[in-house]
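Chain and residue survey
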Amino acid sequence: KTRSTLKRKVRKFAELAGPDHFRVFRSPDELADFHRQALTVSRMTYQQRLMDAGLPEDAGFVAALRDRGGRNAARGFLLYAQGVPVSYLYVPIDADCAVYDYLGYLPDWAEHSPGTVLQMLAMEVLFAERLARWFDFTEGDGAHKRMFATGSVDCIDLLAFPPSTRNRLLVSSHRLFNGDTGICLRDDDGQLMAWFPGEGAGAPRAFHPATLPAHDSAFAMTVHKAQGSQAEHVTVIVPPVGSRLLT
């Protein structure tokens, strides 16, 4: 079922996007061109806008792209719709291992699964060229990772605090519990922080994302996951009238 679903997504995207909707970049000049085009997508992604984690734009990164292109140690992939880039994937390759380094897509195309389609097409190219025996999805959870992966390794972000009264108070002061919901915004200094409700309406609590306990990130939650949040106000998105889901 999964394989047929993937093929159907790829076929439907091709029908919608038109001819020449997929391109591979290999040489130094090609990878520099990939970078230029991919930036038009990266700047619109939530990774860049909310977490400053889009495709790097500095000259050093472009130089590294060119260097890898000269050693046949990287691939860039772009997905187009009517000639316009809508999704990118950059994959460096080291020691028989291709690494899922940077991926992004235009939010307006999310319903057409451009990230999944590009992932599928890219993996077909990588393994057909026999440049890698492994594909490393790196840390973090994701539906596409669970869909493609054949195995995983448990990992954690560990913060070690020297034993002191101050640090004990810092750790205990989070007071975050299952169902608590926060948003990620930058503070006055430009630092990305996770903001949670405080004691009063005008006193939110801010935590560095790296110090948060185990959590899931999302633009919205299903009704099932929202249970226990004790939110005073809830917005529910429902299907069009007449859907069998509205029971």
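All values reported here derive from a predicted model rather than from experimental measurement.

Some words on the overall build of the protein chain
Counting its regular elements, the protein chain contains eight helices and nine strands. Expressed as a percentage of the 247 residues in the protein chain, the buried residues total 34%. Looking at the protein chain alone, contacts between residues at least 24 apart form 57% of all its contacts between residues at least 6 apart.

What to know about the sheet that holds strand β7 (residues 183-186)
Here three strands make up an open sheet; going across it, the order is β7-β8-β9 and the pairing antiparallel. On the outer flanks of this sheet lie β7 and β9 (205-207), each paired with one strand and no other. Within this sheet the neighbouring strands show an average axis-to-axis angle of 40°, counted without direction. Pairing of strand β8 (residues 192-196) with β9 involves three bridges; the strand directions are antiparallel. Pairing of Trp 195 across the sheet is with Ala 206, part of β9.

Focus: helix α5 (residues 114-128)
In an α-helix, one turn spans 3.6 residues, which is why side chains three or four residues apart end up on the same side. The terminal C-alpha atoms of α5 lie 21 Å apart, and with 15 residues this matches the ideal 21 Å at 1.5 Å per residue to within 8%. For α5, the buried fraction is high: twelve of the 15 residues fall into the buried class. Taken together, the buried positions of α5 are occupied by Pro 114, Gly 115, Thr 116, Val 117, Leu 118, Gln 119, Met 120, Leu 121, Ala 122, Met 123, Val 125 and Leu 126. Within two residues after α5, Arg 130 carries a phi angle of roughly 55°, on the positive side.

Topic: the packing of aromatic side chains
As enumerated under the stated definition, the model contains nine aromatic pairs in all. On the numbers, 6.1 Å between centres and 5° between planes, the contact of Phe 22 with Phe 77 is stacked. Of this pair, Phe 22 sits in strand β1 (residues 22-25) while Phe 77 sits in strand β2 (residues 74-81), and the two are 55 residues apart along the sequence. By relative accessible area, which is 0% here, Phe 77 ends up buried. Ring centres of Phe 61 and Tyr 102 lie 5.8 Å apart, and the angle between their planes is 85°; this geometry places the pair in the edge-to-face category. Placement of the pair is Phe 61 in helix α4 (residues 59-70) and Tyr 102 in strand β5 (residues 102-105), with a sequence separation of 41 residues. Ring pairs connect the aromatic residues Phe 25, Phe 34, Phe 61, Tyr 90 and Tyr 102, which therefore count as one cluster.

Description of the nonpolar core
Generally speaking, a soluble globular protein has its nonpolar side chains buried in company with each other. Counting residues in each nonpolar core, the largest one holds 44 residues, and the members touching the most others are Phe 77, Leu 89, Val 91 and Phe 135. Where this core is concerned, the elements lending two or more residues are α1 (2-17), β1, α2 (28-42), α4, β2, β3 (84-94) and α5. In terms of residue count, α5 provides more of this core than any other element does, eight residues in total. For Val 91, the contacting residues outside a window of four places in its chain are Ala 74, Arg 75, Phe 77, Ala 98, Val 99, Leu 126 and Phe 135. Of all hydrophobic cores here, the second largest spans five residues; its members include Leu 176, Ala 194, Phe 207 and Leu 212.

Digging into the pairing of β2
Burial analysis of β2 places eight of its eight residues in the buried class, which makes it a mostly covered element. The pairing of β1 with β2 spans four bridges and is antiparallel. The residue bridging Arg 23 from the neighbouring strand is Leu 78, located in β2. What sits between β2 and β3 in their antiparallel hairpin is a turn of two residues, with Gln 82 showing a positive phi close to 55°.

A short note on a nonpolar patch on the surface
Residues Val 234, Val 236 and Val 238 make up a contiguous nonpolar surface patch of roughly 280 Å² in combined accessible area. One can find Val 234 in the segment after α8 (223-226).

Remarks on the side chain of Gln 119
Relative to the elements of secondary structure, Gln 119 occurs in helix α5. Discounting chain neighbours no more than four positions away, the residues touching Gln 119 are Leu 89, Tyr 100, Leu 103, Phe 135, Phe 137, His 144 and Phe 148.

Some points on the pairing of β8
Across the five residues of β8, four count as buried, placing the element largely inside the fold. Bridge count for β7 against β8 is four bridges, and the pairing is antiparallel. In the strand pairing of β8, Arg 186 is matched with Leu 192. The hairpin turn running from β7 into β8, its antiparallel successor, is five residues long, and Gly 190 in that turn takes a positive phi close to 85°.

Calculation criteria
Residues numbered from 1 in each chain as written. Predicted model: local features only at pLDDT ≥ 70, side-chain atom pairs only at ≥ 80, totals over all residues. Heavy atoms only, no water. Helix = DSSP H or I, 4+ residues; strand = E, 2+ residues; numbered from the N terminus. Buried < 20%, exposed > 50% of the residue type's maximum accessible area, 1.4 Å probe, protein only. Contact = heavy atoms within 4.5 Å. Pairing = 2+ DSSP bridges. Axes fitted to C-alpha atoms, helices over the stretch in contact; angles between N-to-C directions. Expected span 1.5 Å × (residues − 1). Phe/Tyr/Trp six-rings, centres within 6.5 Å; stacked < 30°, edge-to-face > 60°. Core = buried A, V, L, I, M, F, W, Y, C linked by side-chain atoms within 4.5 Å. Patch = residues over 30% accessible without salt bridge, like charges linked within 9 Å, V, L, I, M, F, W, Y side chains within 5 Å. Areas by Shrake-Rupley, 256 points an atom, 1.4 Å probe, with all protein chains shown as cover. Salt bridge = Lys/Arg side-chain N within 4 Å of Asp/Glu carboxyl O.

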